[in-house]
Amino acid sequence: EAQVTQNPRYLITVTGKKLTVTCSQNMNHEYMSWYRQDPGLGLRQIYYSMNVEVTDKGDVPEGYKVSRKEKRNFPLILESPSPNQTSLYFCASSLRPDSSYNSPLHFGNGTRLTVT
Amino acid sequence: GENVEQHPSTLSVQEGDSAVIKCTYSDSASNYFPWYKQELGKRPQLIIDIRSNVGEKKDQRIAVTLNKTAKHFSLHITETQPEDSAVYFCAASGTNAGNMLTFGGGTRLMVKP
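Below or above, wherever it landed, is the structure these notes cover.

Here is what the cut-offs are and how they apply
- Residues numbered from 1 in each chain as written.
- Chains lettered and ligands numbered in written order.
- Predicted model: local features only at pLDDT ≥ 70, side-chain atom pairs only at ≥ 80, totals over all residues.
- Heavy atoms only, no water.
- Buried < 20%, exposed > 50% of the residue type's maximum accessible area, 1.4 Å probe, protein only.
- Helix = DSSP H or I, 4+ residues; strand = E, 2+ residues; numbered from the N terminus.
- Pairing = 2+ DSSP bridges.
- Contact = heavy atoms within 4.5 Å.
- Buried area = accessible area lost by both parts, 1.4 Å probe.
- Salt bridge = Lys/Arg side-chain N within 4 Å of Asp/Glu carboxyl O.
- Nonpolar A, V, L, I, M, F, W, Y, C, P; charged D, E, K, R; others polar.
- Disulfide = S-S within 2.5 Å.
- Axes fitted to C-alpha atoms, helices over the stretch in contact; angles between N-to-C directions.

## Remarks on the pairing of strand β9 (residues 87-94) of chain A
Residue and element names in this part refer to chain A. For β9, the buried fraction is high: eight of the eight residues fall into the buried class. Relative to β9, strand β4 (residues 31-38) runs antiparallel, the two sharing seven bridges. Across the sheet, the residue bridging to W34 is C91, located in β9. Bridging between β9 and strand β11 (residues 111-115) involves three bridges; their strand directions are antiparallel. Residue L88 lies in a different strand from β11, and its bridge partner there is R112. Relative to strand β10 (residues 106-107), β9 is paired through two bridges, and the arrangement is antiparallel. Paired with S93 across the strands is H106, a residue of β10.

Here you go:
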């Protein structure tokens, strides 16, 4: 089954304790992205990757890191989490964006992070 | 960059009535406008999309219209059912391929039986 898999689904941690949220897709998609969802603010992009070893900042990258060592995996790293990073996080993937064709985003099931 | 505004933020309708959600975008070069539905506790899923060379698209009870001149697009749901209750997000794809989609703030639709 084609899917984007995130882990964990729920995570409670304390300020300053490094954490990683994993994301894996089995659709051979080149494009992967991380979003955070907060009430009234919709989905805001954190980081994205156009291909292996190619990553770029989205709209709200502060406090986050990503890596893309393999095509299927795109982990989100919070080196020193703070309470304002409490949010619902979604990983998504799609075929390579192109100016003449846009491929739908496929979302993972989300990770609800609470930082105390 | 692209800015997408979505209205209303909440919408309550009676079962069987129609629901309309509207979005405006700022980048006149945007060419792709998808709509995502997010049920409670679940991930957003694409329900319909429209490209800039088309003015209207229908899929059973849902339709999307696009007015490029005014830079707005709308989602229309007819004969609403309780299972249509969800949060709906519009999005627009700007000229920055890496950013790909800019999302609106979402509309919580409640369909009362």
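There's more to say after this.
## Here's the deal with the interface of chain A and chain B
Taken together, the contacts link 26 residues of chain A with 21 residues of chain B. Roughly 1,800 Å² is buried in total at the junction of chain A and chain B, and carbon and sulfur atoms are behind 53% of that figure. Taken together, the links from chain A to chain B amount to zero salt bridges. Of the residues assigned to the side of chain A that touches chain B, the class counts are 14 nonpolar, 10 polar and two charged.

## Description of the state of the cysteines
In the structure shown here, the tally under the stated rule is two disulfides over all chains. Across a sulfur-sulfur distance of 1.9 Å, C23(A) and C91(A) are joined as a disulfide pair. Measuring handedness by torsion sign, the sulfur bridge of C23(A) and C91(A) sits at about -75 degrees and is left-handed. Of the two residues, C23(A) sits in strand β3 (residues 19-25) while C91(A) sits in strand β9, which places them 68 residues apart along the sequence. C23(A) sits in the buried class, given a relative accessible area of 2%. Bridging C23(B) to C90(B), the disulfide has an S-S length of 2.0 Å. Here the disulfide of C23(B) and C90(B) is left-handed, its torsion about the S-S bond being about -100 degrees.

## With respect to the pairing of strand β7 (residues 62-67) of chain B
All names here are of chain B. As judged from the four bridges shared by strand β6 (residues 56-59) and β7, these two strands associate in the antiparallel manner. From the neighbouring strand, K57 faces β7, where its bridge partner is V64. The turn joining β6 and β7, which pair antiparallel and follow one another in sequence, is formed by two residues; a positive phi near 60 degrees is taken by Q60. One ladder, built from six bridges, connects β7 with strand β8 (residues 72-77); its direction is antiparallel. Bridged to V64 within β8 is L75. The hairpin turn running from β7 into β8, its antiparallel successor, is four residues long, and K71 in that turn takes a positive phi close to 60 degrees.

## A closer look at the sheet that holds β6(B)
Residue and element names in this part refer to chain B. One open sheet holds the five strands; their spatial order is β1-β3-β8-β7-β6, and the pairing between them is antiparallel. At either end of the open sheet lies a strand with only one pairing partner, and these are β1 (4-7) and β6. Pairwise comparison of adjacent strand axes, ignoring direction, gives a mean angle of 15 degrees for this sheet. As judged from the four bridges shared by β1 and strand β3 (residues 19-25), these two strands associate in the antiparallel manner.

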